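Structural characterization, general
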Amino acid sequence: MTREEIAALMADMGEKPYRAGQLYDAIYRRRLPAPDQMTELPRSLRAALGERTLITRTQVEQVFVSRDRTRRLLLRLADGGEIEAVFMPERHRDTICISSQVGCPLACDFCMTGVLGLKRNMTVNEILSQVVLALNEAYGPGSEPPHGTNVVIMGMGEPLLNYDEVMKSVRLLTDSRGLGVTDRRITLSTAGIVPRIYDLAKESVRPRLAISLTAATDELRNRLFPINRKYPLVELIEACRAYPLGDRERLTFEYVMLKEVNDSDRDARELIRLLNKVRAKVNLIPHNPAPELPYASSDMDRIIQFQSILVRSGLAAFIRRPRGQDISAACGQLAARHQAV
Ligand code: SAH
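Structural notes, computed from the coordinates. (Residues numbered from 1 in each chain as written. Predicted model: local features only at pLDDT ≥ 70, side-chain atom pairs only at ≥ 80, totals over all residues. Heavy atoms only, no water.)

1. Details of the site of the ligand
With respect to spatial proximity, 19 residues lie near the ligand, and among them Phe110, Gly157, Ser189, Ser212 and Asn288 are the closest. At 3.1 Å, a side-chain N or O of Glu158 approaches a nitrogen atom of the ligand. Between a nitrogen atom of the ligand and a side-chain N or O atom of His287, the distance comes to 3.2 Å. In the complex, the protein chains occlude 95% of the 540 Å² of accessible area that the ligand would expose alone. Of all the secondary-structure elements, those providing two or more residues to the shell around the ligand are β8 (186-190), β10 (251-257) and β11 (280-286). Grouping the amino acids of the shell around the ligand by side-chain chemistry returns nine nonpolar, eight polar and two charged. (Near = heavy atom within 4 Å. Polar contact = N/O pair within 3.5 Å; in protein donor to acceptor, adjacent residues only side chain to side chain. Areas by Shrake-Rupley, 256 points an atom, 1.4 Å probe, with all protein chains shown as cover. Helix = DSSP H or I, 4+ residues; strand = E, 2+ residues; numbered from the N terminus. Nonpolar A, V, L, I, M, F, W, Y, C, P; charged D, E, K, R; others polar.)

2. Re helix α6 (residues 163-173)
Residues Tyr163, Val166, Met167, Ser169, Val170, Leu172 and Leu173 constitute the buried set of α6. Check the buried side of α6 and you find it contacts α2 (18-29), α5 (124-139), β7 (148-153), β8 and α7 (194-201). (Buried < 20%, exposed > 50% of the residue type's maximum accessible area, 1.4 Å probe, protein only. Contact = heavy atoms within 4.5 Å.)

3. Regarding the sheet that holds strand β2 (residues 71-76)
Read from one edge to the other, the open sheet built from 10 strands follows the order β1-β2-β3-β4-β7-β8-β9-β10-β11-β12, with strand pairing classed as mixed. Sheet topology places β1 (59-65) and β12 (316-319) at the edges, where each strand pairs with a single neighbour. The sheet shows a mean angle of 25 degrees between the axes of neighbouring strands, direction not considered. Two elements, β8 and strand β9 (residues 208-212), share four bridges in a ladder whose sense is parallel. Its bridge partner being in β9, Thr187 is matched across the sheet by Arg208. (Pairing = 2+ DSSP bridges. Axes fitted to C-alpha atoms, helices over the stretch in contact; angles between N-to-C directions.)

4. Here's the deal with the packing of helix α1 (residues 3-12) against α2
In contact at an axis separation of 9 Å, α1 and α2 are set at 130 degrees when each is read in the N-to-C sense. What the angle tells us is that α1 and α2 run oblique. Considering how the two elements wind past one another, α1 and α2 form a crossing that is right-handed. In this structure, α1 uses Arg3, Ile6, Ala7 and Met10 to contact α2, whose residues at the interface are Arg19, Ala20, Leu23, Tyr24, Ile27 and Tyr28. (Parallel < 35°, antiparallel > 145°, perpendicular 65-115°, else oblique. Left-handed = near helix turned anticlockwise from the far one by under 90°.)

5. Considering the layout of surface pockets
Size it by volume and the second largest pocket reaches roughly 530 Å³. Around the second largest pocket, the lining comprises 25 residues; the ones closest to its centre are Ile27, Leu54, Ile55, Thr56 and Asn125. The greatest single-element share of the lining of the second largest pocket, amounting to seven residues, is contributed by α5. Residues that form the lining of the second largest pocket fall into these classes: 17 nonpolar, six polar and two charged. (1 Å grid on protein atoms, 1.4 Å probe; cavity = no way out; pocket = protein on both sides within 12 Å on 5 of 7 lines; lining within 4 Å. Points joined across faces, edges and corners; volume = space filled by probe spheres on them.)

6. What to know about α7
Taken together, the buried positions of α7 are occupied by Val194, Ile197 and Leu200. Looking down the long axis of α7, one finds its buried residues gathered within 110 degrees of arc, a one-sided arrangement. (Arc of directions from axis to C-beta.)

7. What about the packing of α5 against α6?
For the pair α5 and α6, interaxial distance at closest approach is 9 Å and the crossing angle is 45 degrees. One finds that α5 runs oblique with respect to α6. Along this stretch, α5 crosses α6, giving a crossing that reads as right-handed. Counting all contacts with α5, which are made through Val124, Ile127, Leu128 and Val131, the residues of α6 involved are Glu165, Val166, Lys168, Ser169, Leu172 and Leu173. When the residues that make up the contact of α5 with α6 are grouped by side-chain class, the tally is seven nonpolar, one polar and two charged.

8. A short note on the packing of aromatic side chains
Summed over all chains, the structure comprises four aromatic pairs. Between Phe87 and Tyr139, the ring centres sit 6.2 Å apart and the planes meet at 75 degrees, which makes this aromatic pair edge-to-face. Linking Phe87 in strand β3 (residues 82-89) with Tyr139 in helix α5, this pair joins segments that are 52 residues apart in sequence. You can call Tyr139 partly exposed: its relative accessible area is 28%. One Lys or Arg, Arg206, reaches over the ring of Tyr243 and ends 5.4 Å from the middle of that ring. (Phe/Tyr/Trp six-rings, centres within 6.5 Å; stacked < 30°, edge-to-face > 60°. Lys NZ or Arg CZ within 6 Å of the ring centre and 35° of its normal.)

9. Quick look at the pattern of salt bridges
For the structure shown, the criterion picks out 23 salt bridges. A salt bridge links Arg76 to Glu61; the nearest nitrogen and oxygen atoms lie 3.5 Å apart. Note that Arg76 is positioned in strand β2 and Glu61 in strand β1, a separation of 15 residues in sequence. In this structure, Asp265 engages Arg302 in a salt bridge whose closest nitrogen and oxygen atoms are separated by 2.8 Å. Within this pair, whereas Asp265 is found in helix α10 (residues 265-274), its partner Arg302 is found in helix α11 (residues 300-312), the two being separated by 37 residues in sequence. Here Asp265 falls in the partly exposed class, since its relative accessible area comes to 27%. Residue classification places Arg302 among the partly exposed residues on the basis of a relative accessible area of 25%. A single salt-bridge network, built from bridges that share partners, covers Asp25, Arg29, Arg30 and Glu40. (Salt bridge = Lys/Arg side-chain N within 4 Å of Asp/Glu carboxyl O.)

Written out as structure tokens, the structure reads:
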């Protein structure tokens, strides 16, 4: 519920308007899981709320902890659907990777979620419950996290195919009186749903944008990303060029390093040519394996060589360290597994 929806609920229940602010604060800023813990509310209101509403039906089914301290939360939704959120602690901040769909329709064949197919879109409640449950799992309800939180919408699903619920979630996330994650700290990753990139460009509250590129020619990208046949690279790059950026802001292009598929010197030069007129930075992601996926990661030597070609041409490029690989929590491994493989 938005602030306005909570206000309407309070009016409906015959409560004073200021109760709406208290309830909003309890749900979003303090992340209290149930009305009976909201001791600033009168007992009668707590009881009435407990009877007619639930804050969320999303439940933490299992938590897997990696040796790099990444935590994979396997979450069960009200209808039994399962999704995952990944909590990555770092020294000065935490990053929470959240899902936007149960499964994914895009069928990229180097990604486990693509192998699952789409079950359904997630609701705002389900999307936000991931952030709330991950913070509560780490720090407990009611507590202030010790440092800032980044949110990346890069888990299961294609966020731009669940546009309205995702954007409503982004607006609620960024409310400084609630969860308080500023828009600069939210990144949405898309495989390239071109019309929705233009819609996103018009939003007043906008996450940072990352594009899953991984191939610099249509020939290769059609093979890896079936969606590329609908929105080919010229159209995708044109949409990127039209995307409004802040002063020092750049678009992120994710490039998954697939051994002997997209990692030659020639591939690097194609990538430079493609991104020539875009304010871009490239994240090189070693491919994370799964038994079902027919690819291997490029060797680190090759990745370093690939990076140096990009950097020499003036294109910013970074090698990403995989997180949570040992518990099937890394990019492309999210498949709601009940064990690590
Ligand atoms: N549908 C969105 C978000 C989910 S994928 C998108 O495509 O961007 C999140 C990131 O994981 C993408 O950059 C994707 O290219 C990357 N990825 C997918 N499978 C991977 C794998 N097996 N190893 C490493 N990265 C992978």
